[in-house]
Amino acid sequence: MEVRTRFAPSPTGYMHIGNLRTALFEYLISKKYNGSFILRIEDTDQKRYVKNSEDLIYKTLRSVNLKHDEGPDIGGNFGPYVQSQRKELYLKYAQKLIKKDKAYYCFCNKNRLEKIEGGYDRCCRNFSIEKINKLINKNTSHVIRQKIPLDGNTSFFDEVFGEITVENNDLDDQILIKTDKLPTYNFANVIDDHLMKITHVVRGSEYLSSTPKYNLLYEAFGWEIPKYVHLPLIMGKNLDGTVSKLSKRHGSVSFEDLIKEGYLPEAILNHIVLLGWYPNNKKEIFSLKELENEFSIENISKSQSIFDFDKLNWFNFEYLKSKTQNELLKLFNFYIKKSIDKNLDYKKIVNMLKNRITKLSEIPEKISFLDKFENYDVNIYINKKSKTDVKSSFFVLEFVLKKLENLDDWNLENLHDLLVNTAKELNLKNGAVMFPVRIAISGKLITPGGAAEILDIIQKEESIFRIKKSIALIQKMGFKKS
RNA sequence: GGCCCGGUGGUCAAAAGGUUACGACACCACCCUUUCACGGUGGUAAUACGAGUUCGAUUCUCGUCCGGGUCACCA
């Protein structure tokens, strides 16, 4: 039998990282067994519907390369793939259940329900046919509820968690069809999964406790029960140290937020696949193709995991490192433009930034000094290791300035040599020259890149200008020429 | 609170009765170095607790504790 999995997001406006991870696992399971990955939109809650969020779902799946084989946009043999377009179907099946005495009409209004303590009291469960007909003829609004057995227990087998048994007593007569005639999530899920021939129901473990009700439904219909694969939850750490289901208060937890922060889709995917699954080897960096081969249901873990931004940073850094200069140029372009107005060589900036950033959003702040030169505290010239102070720096700068003014062929190699030779000439450590020059042209104690690199990027005219300015600054603020 | 699930360093996690308890991230130190990074080397740090089963428990059983999930006309 063909393995079929489905990703069934609700169009609520953003892609939660936990949802994406579920989609990933569903995709991987289908690929692992050469099966199909189906996309189904679950829009039965008209109140929460956010317009155009289907587009966001498509866009997200595309950007992480999770291609679906069937779905609203590409069709398939089991459509329609949007639940609101399947409305009549659910009602029909619910009525079938009523005939089988596995479901019943409930006429309780919300007011009454709210007053009952301890959940629904099953007051409509045993209404006579006459009474029901009368109420329906009077157009009394109603829902359809599942008729859960009053005693006994229900077991199901989960591929990750194993056998789980609960007392039927603990299950409530959940609503199948709402007053608006649309199905609830739990009901629509069962119907659609069966009709779409889904073999593996993959979802977060928050659904573990409602799964017995699913089984009862499948049994009532006489349908084959799919394999359940419940995934351990992704958690977030709260400010007070406690943990809870990953949500907005934990920071950026939607895919699009993470992208905005400058994380790469591949890095995000790689990070979340390792949250709840582990490979048989010690490997950590996986391409999607590799995952398709190596993924296995047996290696899904049971315990929840915390979404760790440090680790994500590391993954992002690793993926950034593996990019070519051209790829980086494309990736960095937008962020460099944010803080650079001048016409500088972006390639050089990329080279300088490489290995120095973990996420793209760090770029603007890191390189703004290339564009704007601001006054600074001259005390930053004092450095033990480089054996520099304000006075020595002043001397070096004046010395180097003349040499730079005479340098015609302004390139990285020549600049580097010039500085090294200067140090030799003055009988100083390299650092004693590099350090003050770097500060003089950047105005910063810490910069990405060294003196030669920065000189090369901002070019001769600006370099000379900045050094002169720095010399003047030292004279004015700290050290009087003797 | 009832029910369900889980519990190995700060985080992710390997070890499916016998190990000096693997590895990665983070952290720290040192080396390299032109600041910061990168890179290299090394280090700190864990089986929640208590009983049992066993020659021997991280591993099996039970209890306690802790954590999480769920109890909607939301998904």
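None of these values were measured; they are calculated from a predicted model.

Q: Please clarify how the pairing of strand β4 (residues 143–146) should be interpreted in this entry.
A: Each regular strand displays side chains that alternate between the two surfaces of the sheet. The two faces of β4 match: V143 and R145 on one face and I144 and Q146 on the other face are all buried. Here 4 bridges tie strand β3 (residues 103–106) to β4, and the two strands are oriented antiparallel to one another. Residue pairing for β4: A103 is matched across the bridge by Q146.

Q: Explain the sheet that holds β3 to me, please; I cannot follow it from the model alone.
A: Either a parallel or an antiparallel arrangement is found when strands of a sheet pair, and the pairing is made through backbone hydrogen bonds. A sheet is described by the order of its strands in space; here 3 strands give the open sequence β3-β4-β7, paired in antiparallel fashion. Taken across any chain shown, the strands that pair with only one partner, and hence form the sheet edges, are β3 and β7 (175–177). Between one strand axis and the next, the sheet turns by 40 degrees as a mean value, whatever way the strands run.

Q: Explain the UniProt feature "domain: Aminoacyl-tRNA synthetase class I anticodon-binding" (unreviewed entry) in chain A to me, please; I cannot follow it from the model alone.
A: The UniProt feature table records "domain: Aminoacyl-tRNA synthetase class I anticodon-binding" (unreviewed entry) at residues 335–471. Within residues 335–471, the helical portion is 63% and the strand portion 0%, while the C-alpha atoms at the span's ends are 32 Å from each other.

Q: I keep staring at the sheet that holds strand β10 (residues 234–237) and nothing clicks. Help me out?
A: The 3 strands lie next to each other as β11-β10-β12, forming an open sheet whose pairing is mixed. Two strands lie at the open edges of the sheet, namely β11 (243–245) and β12 (305–306), each paired on one side alone.

Q: Would you take a moment to explain unusual backbone geometry for this structure?
A: Comment: phi is negative for the bulk of residues other than glycine, and the bulk of peptide bonds are trans. At the junction of G79 and P80, the peptide bond is cis and its omega measures out at -5 degrees in the coordinates. The residue P80 is located in the loop between α2 (53–63) and α3 (87–99) in this model. The phi dihedral of N34 is positive, around 55 degrees, even though this residue is not glycine. A relative accessible area of 71% places N34 in the exposed class. With a phi close to 65 degrees, N139 is a non-glycine residue in the positive phi region. Among the secondary structure elements, N139 is positioned in the loop between α5 (129–137) and β4.

Q: Please explain helix α16 (residues 412–425) as it appears in this structure.
A: Each turn of an α-helix holds 3.6 residues, which means side chains three or four residues apart point in the same direction. Compared with an ideal rise of 1.5 Å per residue, which puts 14 residues at 20 Å, α16 spans 20 Å between its outermost C-alpha atoms and is within 8% of the ideal. Tucked into the core, α16 has its buried residues touching α15 (390–405), α17 (430–442) and α18 (451–477). Two residues or fewer after α16 comes N427, characterised by a positive phi angle close to 60 degrees.

Q: Can you help me understand the nonpolar core in this one?
A: Across soluble globular proteins, nonpolar side chains have a tendency to be buried as a group. The biggest cluster of nonpolar side chains holds 105 residues, and the ones touching the most others in it are L66, L370 and L419. The element that contributes the greatest number of residues to this core is α18, accounting for 11 residues. Setting aside chain neighbours within four positions, we find L66 in contact with L20, A23, L24, Y27, F37, L61, L269 and L288. Core analysis: the next-biggest nonpolar cluster, separate from the first, contains 30 residues, Y93, L135, I177 and L208 among them.

Q: Just to check I follow, could you spell out empty space enclosed by the protein for this structure?
A: Once rolled over the atoms, a probe with the size of a water molecule shows which space is left empty. Applying the stated criterion across every chain, the model contains 1 cavity of 30 Å³ or more. In this structure, the largest cavity spans a volume of roughly 40 Å³. In terms of lining, the largest cavity is formed by F317, L320, K321, L328, F332, L353, K354, N355 and I357. Within the residue set of the lining of the largest cavity, elements represented by two or more residues are α11 (309–321) and α12 (325–339). With 3 residues, the top contributor of residues to the lining of the largest cavity is α11. A per-class count over the lining of the largest cavity returns 6 nonpolar, 1 polar and 2 charged.

Analysis parameters
Residues numbered from 1 in each chain as written. Chains lettered and ligands numbered in written order. Predicted model: local features only at pLDDT ≥ 70, side-chain atom pairs only at ≥ 80, totals over all residues. Heavy atoms only, no water. Buried < 20%, exposed > 50% of the residue type's maximum accessible area, 1.4 Å probe, protein only. Helix = DSSP H or I, 4+ residues; strand = E, 2+ residues; numbered from the N terminus. Pairing = 2+ DSSP bridges. Axes fitted to C-alpha atoms, helices over the stretch in contact; angles between N-to-C directions. UniProt positions renumbered as here; feature names shortened; annotations may be inferred. Expected span 1.5 Å × (residues − 1). Contact = heavy atoms within 4.5 Å. Core = buried A, V, L, I, M, F, W, Y, C linked by side-chain atoms within 4.5 Å. 1 Å grid on protein atoms, 1.4 Å probe; cavity = no way out; pocket = protein on both sides within 12 Å on 5 of 7 lines; lining within 4 Å. Points joined across faces, edges and corners; volume = space filled by probe spheres on them. Nonpolar A, V, L, I, M, F, W, Y, C, P; charged D, E, K, R; others polar.

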